[in-house]
Structure formats: structure tokens, C-alpha cells
Amino acid sequence: MAFVLSPMPPIAEWLTEFDAFAARSPGFFAGRPVVVDIAHMPASRPELVHLVTELKRRHITIMGLDGRSPGELGADARGLPPILSGGKEIALAQPKVDSEAEPNAEAVDDAQDIVRDAAVTEAALAAIEEAMATPDPATLILSDPIRSGQSVVHLTGDVVVIGSVASGSEVVSSGSIHVYGALRGRAIAGSNGDQAARVFAQSLNAELVAIAGLYKTAEDLDRACLGAPTHAWLDGDTLKMSAINGKV
Amino acid sequence: MTMAKVIVVTSGKGGVGKTTSTAALGAALAQTGKQVCVVDFDVGLRNLDLVMGAERRVVFDLINVINGEAKLHQAIIRDKRLDNLSLLPASQTRDKDALTEEGVAGVIEEMRDKFDYILCDSPAGIERGATLAMRHADIAVVVTNPEVSSVRDSDRIIGLVDSKTQKAENDERVEKYLLVTRYDPIRADKGEMLKVDDVLEILSIPLLAVVPESQDVLKASNLGMPVTLGSPNSYAARAYTNAARKITGENVSVEIPQDTRGIFSKFFARKAA
């Protein structure tokens, strides 16, 4: 179950409202995945990055964006959470004006917060923009086995592992994952929502295989593929997998 | 002598035979004529002194040396059976926070001048004690039981050896070897236990030795007599001795324990079960 937030411009005002709501219901968002409906937001990259950064700073787990099609955003969507559809809306109750509050003290706090927020946001924006300007190599090639407890995250392309991926380890890739060895851990491909991503393993014994958010755990893996050379792909909303038997 | 090798005996999981193996390997290395010291890093839960049969001779310990309360030579206990084998005990009254990065570095550095092999018996877990025990290692002996939980923990430890040791940080490689202990060929054949090949396939590091589950090992530990000294002709002692020779650079092939019961006893065993 995911909740939907629908930010309305001006965003600064909406964020104030949001903070008031979050303050009234502490822990409401803890560990809850949230979908952000950006239908009312301008389809401009700086505004969206600002919004996402601000929400992440408030420890909101953003599962995806909704309300605009990937086509509308085009290249502006790079680095942002994947675009989804569906979910349940939560209404942000209007914040009550508390007459007993000390307006002066709050005003001073708010002013400082705004200054600090601006700096943080600028820095985050700069970091994101810089990371985008100097992307990692598209394909990450690892020639050592991935050991239990290790986590490899590569968000700019495919990951190739020459060796096995141990039980208790994970590989996260925005593109496809290729394992020339046994896949015994978790393989999370298409982490930015790329539905064309695939997972390939020389021997499949994974704890979890995921593509663009759709996943199967060890229990649901196709029995015919266990221990066999396998590839997994998305067919619409279904995660499919089949053994690669060398026959064409 | 800068050729000294620091060996960490580690596993992640507890109870797999790190301490027993440290003692047996240390004694076997000493039997090849090398100067050897075994160091107990399990501060607070020390055992190596017991397994080495030196528990009644402990005066100072590793923490005393680190804190400068004793000199290294005062804390080191020389074995009564082999005079080129020594023990640096852990403290039983302190906890692992007493180990400091600089302190450990200083002690190991000083020991490198005095010994050919320094064997560090790591505590279980992946916290401070374990990471400091492996910190200066040239060689890691990863002790694993043929069961999935032990194998997974060993895999985790190998990852730490490849990232948290000084050698790894200097872009050098720590030599890693697999020591399979408590191996039972009968249970492995029945599929109740992982086979050596399965373990090797998962961990993909070279095999040092396979030590069978045996009464000799247990008895030796309880008598404070490393199995290589207590029952030198046992299968387990031979496995450790061959492992020691392999560490010194000899080309020794690894023997894998087989089910040696005759066909009749197999038949009867099955009947009884």
C-alpha cells in the first residue's frame, strides 16, 4: 500500500503545510512508501529536483512519481524516482492556526530554517547535477565475487559480475545485471524504472530478482530455472524468467 | 626479520573451531622449526590459553602490553613442549573496547621482529575485535563448517578481509585459504551436510585443509594439548600438519576425508537407523 502526496505550487507553502501535518502525526511516514503526484507541478526539472530533494530530506521514502507521463518529462526525468500510476490518496488536512503559539519565536526559527534549507537544497542540487554531468561508466564490470553483506549500487547502466553473487549480498543497477557465476543473492535491475532491463545469471539461485520494482523471491522462482543459466525480463506487469539452453 | 607473516584465523560464526585450529596450526608450524606466536584476540572470552595448556601461567596479557603496563616479552608465554612456540594471551577481565588500532599495530610491529609466524585467533562476529585481529594480516585462514550458516558468515568475513585490512587498503591482496573443520563424510554423502566441493564453489578461495569431526580434536582441546602435539598420528593432526606445510610454501595436495567404513558396516549402520 502506498500513499499519494499531491504537492501544489507554490511549493514552499505546500512544504510548510506538509511539515505541519508531519509534526501533528509523528512517524506517519516512517517506512511508508509514498507516491508523489506531480500533475499540479510544472514539468520543469529544477522544480521537480527541488521537491524530491526536500521530501528526501524529510526522510520520505519516495516510491515513484505519478500524474505525468514519462513522455511529458522526457530527459528531465533522469535521476528522479520512476514514474508510476495508481495508489491511494491521502488528504493533508488544513493546518489549524494555533492561537497559543508564540508567533515571534516561530518566525525567527522559520527564517533561519529557510536560510539553511536554501543552502542544503542548493548543495543537493549541485551534487545531483554534478553527478549527472560526470556519469560513471555506463557499464560496471566487477571481476571479484560479491560477498555476503556487500551491496553494489550502480545507477548509470548495466552491472556485469564475473564471479558469483553470494547469499546475503545485493546488486542494484539502473540497467541490466549479468552474473557470470551463481546468483545467490538479490539482483535488482532497472532500479530507476527501466522496464527493458533484464537479469542474466549463469546459475540462478537468487534470494530475490527484481526488475523496475516488480520482483520474485526465492520461493516464487521458476523451478525449471533453479541452478540453470537463466534470464529474467518484464512482460507487461509480469516478471518472467526462462532457462537459456543454448538452442535458438 | 621483515619476512614475518601475520596469519589471522577467522570465521565470522562462533563455535566453528577457530581457537582449536589456531592452536593446532601454530603447533604444526612450530614443528617445522619456525618461530611461532599465537595471539588471542578474543578479549573478554579468552580460550586460547586453555587450548594451549598455558592457563595457569598467564601473568600479563595483550591489553597490558597495549596499555604499556607490561613489556611484550613479559606477556609472552613460551610453550613447555616446543620452545619455538609462544602464546600471547587475551585479557579475560577487559572487553574488546580495550583494543585500540594503534595499540594493536604497535604490538604486531614489535612481534614481526621476533617471530616467523604470528597467528591471530579472531573472536567471532564482525565487530571491532574481529576487524582488529585481521587488520595486519598477510594471510587469512577462514575456518568454515560444512553448513550453510557458517559458509555465509565466512563469505561475509572474506569480504571484510578484502576491504578492511591494511593490505586491502594499500591495494595489496591478503592470501586467503579455506579450512573446513568438523567435516563428516558420512553425513556429507547423505546430503545432511554440505560437501567440500559445495563449500569451495560458494566461497571460491583455495582449500588449505579438511579436518574431520573427531574425538582426537575434542580430547586434545580439553587436555590443553593442540591435536598436532597430543595425537600427532591422528587424521586431524595430519590435516593440520599438511596445512602448516602448505602455508610455509610447500606444495601439498589436500586430502578429503572419505567414508572408510566397509560395505558391511555401512549396511548395518543403515539397518540400525
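Residues numbered from 1 in each chain as written. Chains lettered and ligands numbered in written order. Predicted model: local features only at pLDDT ≥ 70, side-chain atom pairs only at ≥ 80, totals over all residues. Heavy atoms only, no water.

### What about the side chain of B:Ser86?
All names here are of chain B.
Here is step 1: Along the chain, the position of serine 86 falls in strand E4 (residues 85–88).
Here is step 2: The exposure class of serine 86 is buried, given its relative accessible area of 4%.
Here is step 3: Apart from the residues within four sequence positions on either side, serine 86 is in contact with Val36, Cys37, Val38, Ile76, Ile77, Arg78, Asp79 and Phe115. (Helix = DSSP H or I, 4+ residues; strand = E, 2+ residues; numbered from the N terminus. Buried < 20%, exposed > 50% of the residue type's maximum accessible area, 1.4 Å probe, protein only. Contact = heavy atoms within 4.5 Å.)

### Concerning helix H1 (residues 11–24) of chain A
All names here are of chain A.
Here is step 1: Taking 1.5 Å per residue as the helical rise, H1 with its 14 residues ought to reach 20 Å, and the 20 Å between its terminal C-alpha atoms agrees with that figure.
Here is step 2: Where H1 is concerned, the buried positions are Ile11, Trp14, Leu15, Phe18 and Phe21. One side of H1 holds all its buried residues, which, seen down the axis, span an arc of 120 degrees. Exposed residues lying more than 90 degrees from the buried face of H1 are Ala12, Glu13, Thr16 and Ala23.
Here is step 3: As for H1, its buried residues are in contact with strand E1 (3–5) and helix H2 (45–57). (Expected span 1.5 Å × (residues − 1). Arc of directions from axis to C-beta.)

### Notes on the confidence of the model for chain B
Residues and elements named next belong to chain B.
Here is step 1: Averaged over all residues, the pLDDT of chain B is 92; the fraction at 70 or higher stands at 95%.
Here is step 2: Here residues 269–273 scores under 50 on pLDDT; set against residues more than four positions off or in separate chains, the count is one contact.
Here is step 3: This prediction of the complex comes with two scores: 0.68 for pTM and 0.71 for ipTM. (pLDDT = per-residue confidence, 0-100.)

### Some thoughts on a nonpolar patch on the surface
Here is step 1: A surface patch of nonpolar side chains, amounting to about 320 Å² of accessible area, comprises A:Ile141, A:Ile162 and A:Tyr180.
Here is step 2: Following the sequence through the fold, A:Ile162 ends up in strand E7 (residues 159–162). (Patch = residues over 30% accessible without salt bridge, like charges linked within 9 Å, V, L, I, M, F, W, Y side chains within 5 Å. Areas by Shrake-Rupley, 256 points an atom, 1.4 Å probe, with all protein chains shown as cover. Salt bridge = Lys/Arg side-chain N within 4 Å of Asp/Glu carboxyl O.)

### Quick word on the sheet that holds strand E5 (residues 117–121) of chain B
Residues and elements named next belong to chain B.
Here is step 1: Taken in spatial order, the eight strands line up as E3-E4-E2-E5-E1-E6-E7-E8 in an open sheet, and their pairing is mixed. Unpaired on one side and paired on the other, strand E3 (77–78) and strand E8 (207–212) mark the two borders of the sheet.
Here is step 2: Where strand E2 (residues 36–40) lies against E5, five bridges are found, and the strand directions are parallel. Directly across from valine 38, in E5, lies its bridge partner leucine 119.
Here is step 3: Across the face of the sheet, helix H1 (residues 18–31) comes into contact with strand E1 (5–10), E2, E4, E5, strand E6 (139–144) and strand E7 (175–183) while running at roughly 170 degrees to E5.
Here is step 4: Together, E1, E6 and E7 form the strand contacts of helix H7 (residues 148–164), whose direction differs from that of E6 by roughly 165 degrees. (Pairing = 2+ DSSP bridges. Axes fitted to C-alpha atoms, helices over the stretch in contact; angles between N-to-C directions.)

### Focus on the interface of chain A and chain B
Here is step 1: Each partner contributes residues to the interface: chain A has 13 residues there, and chain B has eleven residues.
Here is step 2: For the chain A and chain B pair, buried surface summed over both sides reaches about 880 Å², with 34% attributable to carbon and sulfur atoms.
Here is step 3: Considering only the side of chain A, the residues that lose the most area to chain B are A:Arg147, A:Ser148 and A:Arg184, jointly responsible for 60% of the buried surface there.
Here is step 4: At the junction of chain A and chain B, the tally comes to four salt bridges.
Here is step 5: Here chain A and chain B share eight residue pairs in polar contact (both at pLDDT 80 or more) between them.
Here is step 6: Here the side of chain A that touches chain B is composed, by residue class, of three nonpolar, six polar and four charged. (Buried area = accessible area lost by both parts, 1.4 Å probe. Polar contact = N/O pair within 3.5 Å; in protein donor to acceptor, adjacent residues only side chain to side chain. Nonpolar A, V, L, I, M, F, W, Y, C, P; charged D, E, K, R; others polar.)

### Examining the sheet that holds strand E12 (residues 208–211) of chain A
Residue and element names in this part refer to chain A.
Here is step 1: Pairing is mixed across the open sheet formed by five strands, whose spatial order is E6-E8-E10-E12-E13. Every interior strand has two partners, whereas the edge strands, strand E6 (151–154) and strand E13 (214–217), have only one. Across the sheet, the mean angle separating the axes of adjacent strands is 5 degrees when strand polarity is ignored.
Here is step 2: Looking at chain direction, E6 and strand E8 (residues 170–173) are connected through four bridges and run parallel. Bridge pairing in E8 places valine 153 opposite valine 172.

### Some details on unusual backbone geometry
Here is step 1: Residue A:Pro10 follows A:Pro9 across a cis peptide bond; omega there is 0 degrees.
Here is step 2: Here A:Pro10 is to be found in the loop between E1 and H1.
Here is step 3: One non-glycine residue with positive phi stands out, namely B:Asp171, at about 65 degrees.
Here is step 4: As for its position among the elements, B:Asp171 is in the loop between helix H8 (166–169) and E7.

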